[in-house]
Amino acid sequence: MPARRTARERVRAEITREITDIARAQLASDGAAALSLRAVARDMGMVSSGIYRYFASRDELLTALIIDGYNAIGEAVENADAACRRDDYPGRWRAACRAARAWAVAHPHEYALIYGSPVPGYQAPPDTIGPAARSAAVFGRLISDAFAAGGLIPLPGRSPVPNGLAEDAGRLRDSVLPGVPDEVAIGMLTALSGVFGMISFELFGQFNNVVTDTAAYYDRGAADLARLIGLTA
């Protein structure tokens, strides 16, 4: 049984949550580059010096928001995958892709913070690496499972992975794609780039006056991208 938090710890957690909620509202209204601890303190009715007891700098607050965003989309993708039968690899792919898009559509400003243009002057610390990998790990695990079970169809005529990409494929294999050959690792990276690229195009207006049923287009695109890995989705 976890230890109960003290009253002071509960108050600190509540104020921290209020700060991040107000900061997310600022993301929506002003963008990440304009995020300001002073403005957050003003909206809370707190003296500007008081907020520094919770976040030492704007960058520390940005890091908290980025970690929250990565964890949120990661959890959404994990839950979608967990709801599928383990040997239904196409179903797991579809569910994970749809969950990523659904979270992004529901939280466009948080998505923009983690997958959009870098915030000027901000450099993400190592603390963000683990949360950033959560959604990719789900996709990697299901592709590794499919490969191990013989569930990937070899693509005829595919050229071998260039020697210059072998090291990159190895890093992918070590991090999120255990046991797969180089061509599957690189194909997975291409497919995942396309999945999140379609989401970005939708949220950032690139499909305006081009695609009307973005959900249907996304499903079709995700299925086409899965075939790059040999998965018929």
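The structure displayed is predicted, hence computed values, not measured ones.

Conventions and cut-offs
- Residues numbered from 1 in each chain as written.
- Predicted model: local features only at pLDDT ≥ 70, side-chain atom pairs only at ≥ 80, totals over all residues.
- Heavy atoms only, no water.
- Salt bridge = Lys/Arg side-chain N within 4 Å of Asp/Glu carboxyl O.
- Helix = DSSP H or I, 4+ residues; strand = E, 2+ residues; numbered from the N terminus.
- Buried < 20%, exposed > 50% of the residue type's maximum accessible area, 1.4 Å probe, protein only.
- Phe/Tyr/Trp six-rings, centres within 6.5 Å; stacked < 30°, edge-to-face > 60°.
- Axes fitted to C-alpha atoms, helices over the stretch in contact; angles between N-to-C directions.
- Left-handed = near helix turned anticlockwise from the far one by under 90°.
- Contact = heavy atoms within 4.5 Å.
- Nonpolar A, V, L, I, M, F, W, Y, C, P; charged D, E, K, R; others polar.

**Q** Mind showing me how you'd approach the pattern of salt bridges here?
**A** Taken as a whole and judged by the stated rule, the model has 18 salt bridges. Taking the shortest distance from any N to any O, the salt bridge between Asp168 and Arg171 comes out at 2.3 Å. Within this pair, Asp168 and its partner Arg171 are both found in helix α8 (residues 166-175), separated by 3 residues, close to a single helical turn. A relative accessible area of 28% places Asp168 in the partly exposed class. What makes Arg171 partly exposed here is its relative accessible area of 45%. Of the charged contacts in the structure, one is a salt bridge between Arg173 and Asp182, with a shortest N-O distance of 2.8 Å.

**Q** Just checking my understanding: could you explain the packing of aromatic side chains for this structure?
**A** Each aromatic ring pair is specified by the distance between its two centres and by the angle formed by the two planes. All told, the structure shown has 7 aromatic pairs when counted by the stated rule. Where Tyr70 meets Tyr115, the ring centres are 5.9 Å apart and the plane angle is 90°; that geometry is what we call edge-to-face. Of this pair, Tyr70 sits in helix α3 (residues 58-82) while Tyr115 sits in helix α5 (residues 108-115), placing them 45 residues apart in sequence. Under the relative-accessibility criterion, Tyr115 is labelled partly exposed at 25%. Ring plane angle 70° and centroid distance 5.1 Å describe the contact between Phe207 and Tyr217, whose orientation is recorded as edge-to-face. Here Phe207, found in the loop between α9 (182-203) and α10 (214-226), pairs with Tyr217, found in helix α10; they are 10 residues apart in sequence, far enough to count as distant. Exposure remark for Phe207: the relative accessible area of 11% places this residue in the buried category. What links up through ring pairs into an aromatic cluster is the set Tyr70, Tyr111, Tyr115, Phe196 and Phe204.

**Q** Sorry, what's going on with the packing of α3 against helix α4 (residues 89-106) here?
**A** How two helices pack is summed up by the angle between their axes together with the distance between the axes. Where α3 contacts α4, the axes come no closer than 8 Å and their chain directions differ by 150°. Of the two possible hands of crossing, α3 and α4 adopt the one that is right-handed. Of the residues in α4, those in contact with Gly69, Ala72, Ile73, Ala76, Val77, Ala80 and Asp81 of α3 are Arg92, Ala95, Ala96, Ala99, Ala100 and Trp103. Looking at the contact of α3 with α4 residue by residue, the class counts come to 10 nonpolar, 1 polar and 2 charged.

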